[in-house]
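Structural features, examined
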Amino acid sequence: MRKTFLTTIMLAAYVYAFACTNFIVGKKASADGSVICTYNADDYGMFIGLCHYPAGKHAKGEMRQIYDWDTNEYHGQIPEAPETYNVIGNINEYQVSIGETTFGGREEMVDTTGILDYGSLIYIALQRSKTAREAIKVMTNLAETYGYCSEGETFTICDPDEAWIMEMMGKGPGSKGVVWVALRIPDDAICAHANQSRIRTFNQKDKENVLFSKDCIKYAREMGWFDGKDKDFSFCEAYAYPDFSGRRFCEARVWSFFNHFSTDMNRYLPYAEGKVKDAEPMPLWIVPNKKVSVQDIQACMRDHYEGTPFALDNDLGQGIWNMPYRPTPLTFKVDGKNYFNERPTSTQQSSFTYVAQLRSWLPRQIGGILWFGNDDGNMVAYTPVYCGNTVQPECYNTPGADAVTFSDKNAYWVCNWVSNMVYPRYSQMFGSLQTVRDSLEASYFAEQAAIEEKAQSLYKEDPSKAIAYLNKYSCDKAQQMLDRWKQLAIYLIVKYNDMAVKPEADGKFLRTPTGLGAKVQRPGFPESTARELVRQTGTKYQVPEE
């Protein structure tokens, strides 16, 4: 049954359902020939750093314990693979990278008795796969054998040669089965997904680029959700209909991403707005109008709909200082009527964010980089973590730090310390953060070629030397970022204390001839805020003429 608008808008209050964003770039669509994929992991209260699973050999009969990625609840156990590969974050030593977004779908399809949740599937597949195709096989075989206990999920599955999108749902309690479809994204295309099922009809005869479960269509028929011809079967129409919330809160993020690289997206605006029932849906992927760089994609991960009809400016929600963020839940009521906030790609509840760069022409442990950050992508500098790394930077895996324990050694907490100062005074303070962020990232990209040239030289001598070298480099850059962010935190509280601004020159705060701090600047309201205040209050605050 398709959800009504009211049901949907109330369900939208559960922010988790609209949590994450993934972007994907084929190797012929990228500026340097790399496959690029991304993940914003968004959920309130979520505290996760950079995980690490070392490579290993496992004896016959050895079992792996399965704990839910979201809740840490124990689900059961499955046999270990004879060999597992090194995994750092969401990338492994063979440059396979996997991300996800949850779309939910039909509630009755969740197999509450299944052992494997979506997070476990991701990290097990990374440990067992040398290619994206192999990861798809591992994930689907495991889910069909041990049961899948999560809601409907869209996975990004990439390696240096191929980019895939896969959607999966269970078949109800006790089924130990899944329906799924995986499509290879054309090399010259870009794709995205953001908590709404996006796979519609697919070429069922293209065995090379299209993979799907044997009963993907049959199951929908048996359940009474589809009665057309096989060729007309749409995965999302049958299992996760794109209603208002799926379009406005989720597909709008995809629309905005495509809009950066196309001049044809206005035709899909009614669909993304979610208010025209039969609007033309967006394509699953598009060919971009220019080659896309890693820096372009990092910028897209920081998107707030700037310059589009969804832009978060010119209304009361932006506060005094033009904040492009909104409080949650996504919906609210006034006088019995439902209203909503926009949900951009960049959001305050991000726990971590990354942009994965996968390059086939380099040695495998050097070719893959996870450009990683531990907070809202707009508010962090993405630091380089190489796929062969076997050591986590301390700031991304800090002993003692957790969701309710602050540590100034931890990137999540230090970055949140800074971002939460900036959010409410965005236009006043963000420029200072942006300067530091962009300077750090520019330095990483400037160093990249020389670092990798050195790593390749060491690799020829002994791969372990290259890995050790890149371990140190990644840890050094992460620590440099953390140190700089602490300085930024102190700078912001001094510079912008009490909503005033302390003057400075040549990087130093000015003082009077007697050594006191120079007279502060008091910028007052931005003009747009002042005008809106006068519009709302009329003459209440008007100074009388004498």
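Look up: the structure comes first, before these words.
Okay, so let's go over this structure.

Here is what the cut-offs are and how they apply
Residues numbered from 1 in each chain as written. Predicted model: local features only at pLDDT ≥ 70, side-chain atom pairs only at ≥ 80, totals over all residues. Heavy atoms only, no water. Helix = DSSP H or I, 4+ residues; strand = E, 2+ residues; numbered from the N terminus. Rg over C-alpha atoms; globule rule 2.2 N^0.38 Å. Buried < 20%, exposed > 50% of the residue type's maximum accessible area, 1.4 Å probe, protein only. Pairing = 2+ DSSP bridges. Salt bridge = Lys/Arg side-chain N within 4 Å of Asp/Glu carboxyl O. Phe/Tyr/Trp six-rings, centres within 6.5 Å; stacked < 30°, edge-to-face > 60°. Lys NZ or Arg CZ within 6 Å of the ring centre and 35° of its normal. Expected span 1.5 Å × (residues − 1). Contact = heavy atoms within 4.5 Å. Patch = residues over 30% accessible without salt bridge, like charges linked within 9 Å, V, L, I, M, F, W, Y side chains within 5 Å. Areas by Shrake-Rupley, 256 points an atom, 1.4 Å probe, with all protein chains shown as cover. Axes fitted to C-alpha atoms, helices over the stretch in contact; angles between N-to-C directions. Nonpolar A, V, L, I, M, F, W, Y, C, P; charged D, E, K, R; others polar. Parallel < 35°, antiparallel > 145°, perpendicular 65-115°, else oblique.

Side note on the overall build of the chain
Within the chain one finds 13 helices and 23 strands. Scaling as 2.2 N^0.38, a compact globule of 546 residues should have a C-alpha radius of gyration of about 24 Å, and the chain matches this with 24 Å. When the backbone C-alpha atoms are referred to their principal axes, the chain occupies close to 85 × 65 × 45 Å. Evaluated residue by residue, the chain yields a buried proportion of 56% over its 546 residues.

Notes on the sheet that holds strand S21 (residues 383-386)
Taken in spatial order, the seven strands make up an open sheet running S16-S14-S1-S2-S19-S20-S21, and their pairing is antiparallel. The sheet is open, and its two edges are formed by strand S16 (285-286) and S21, each paired on a single side. Summarising the sheet, strand S14 (residues 190-193) and S16 pair through two bridges and their orientation is antiparallel. Pairing of Cys191 across the sheet is with Trp285, part of S16.

With respect to the pattern of salt bridges
Counted under the stated rule, the structure contains 30 salt bridges. Two residues, Glu441 and Arg302, come together in a salt bridge whose shortest N-O distance is 2.5 Å. Here Glu441 is found in helix H11 (residues 426-461), whereas its partner Arg302 is found in the loop between helix H8 (294-300) and strand S17 (331-334), with 139 residues between them in sequence. The residues Glu441 and Arg302 share a single accessibility class, namely buried. Each member of the salt-bridge network shares a partner with another, and the members are Arg133, Glu162, Arg184, Asp187 and Glu208.

Digging into the pairing of strand S6 (residues 74-79)
Note on strand geometry: in a regular strand, side chains alternate between the two faces of the sheet. Relative to S6, strand S5 (residues 63-67) is paired through five bridges, and the arrangement is antiparallel. Bridge pairing links Ile66 to Gly76 in S6. Where S5 folds back onto S6 in an antiparallel hairpin, the turn is made up of six residues, including Asn72, whose phi is positive at roughly 65 degrees.

Here's the deal with unusual backbone geometry
The amide bond that connects Thr328 to the next residue, Pro329, takes the cis arrangement and shows omega of 10 degrees. In this structure, Pro329 sits in the loop between H8 and S17. Phi is positive for Asn195, which is not a glycine, with a value near 75 degrees. Topologically, Asn195 is positioned in the loop between S14 and strand S15 (210-212). Judged by its relative accessible area of 2%, Asn195 falls in the buried class. Of note in the backbone geometry, Asp498 takes a positive phi value of approximately 60 degrees without being a glycine.

Quick look at the packing of aromatic side chains
Overall, the coordinates contain 36 aromatic pairs when judged by the stated rule. Judged by centre distance (6.0 Å) and plane angle (80 degrees), the rings of Tyr219 and Trp225 are edge-to-face. On the basis of relative accessible area, Tyr219 is assigned to the buried category, the value being 9%. Considering the side-chain rings of Tyr305 and Phe310, the 5.2 Å spacing of their centres and the 50 degrees angle between planes classify their relative orientation as tilted. Take Tyr305: its relative accessible area is 0%, and that puts it in the buried class. Among the aromatic residues, those joined into a ring-pair cluster are Phe202, Phe212, Tyr219, Trp225, Phe226, Phe233, Phe235 and Tyr239. Of note, Arg106 hangs over the ring of Trp225, and the distance from its end group to the ring centre comes to 4.1 Å.

Digging into helix H3 (residues 132-146)
In this model H3 runs 21 Å from its N-terminal to its C-terminal C-alpha over 15 residues, within 8% of the 21 Å that 1.5 Å per residue would give. Positive backbone phi, at 85 degrees, marks Gly147, one or two positions downstream of H3.

Side note on the side chain of Thr345
Counting through the fold element by element, Thr345 comes out in the loop between strand S18 (337-340) and strand S19 (350-358). Setting aside anything within four residues of it in sequence, one finds Thr345 in contact with Thr21, Phe23, Asn40, Asp42, Arg253, Cys300, Met301 and Asp303.

Details of a nonpolar patch on the surface
On the surface, Phe406, Trp417, Ile490, Ile493, Val494 and Phe509 cluster together into a nonpolar patch covering about 530 Å² of accessible area. Turning to its location among the elements, Val494 is positioned in helix H12 (residues 463-495). The partly exposed category is assigned to Val494, whose relative accessible area is 32%.

Brief notes about the packing of helix H10 (residues 411-422) against H11
Two numbers describe how H10 lies on H11: the axes approach to 8 Å, and their chain directions differ by 145 degrees. Residue-level inspection shows Val418, Met421 and Val422 of H10 in contact with H11, the latter providing Tyr426, Met429, Phe430 and Leu433. Residue composition of the contact of H10 with H11, by class: seven nonpolar, no polar and no charged.

Topic: the packing of H11 against H12
The N-to-C vectors of H11 and H12 enclose an angle of 170 degrees; their axes lie 10 Å apart at closest approach. By the criterion of interaxial angle, the relationship of H11 to H12 is roughly antiparallel.

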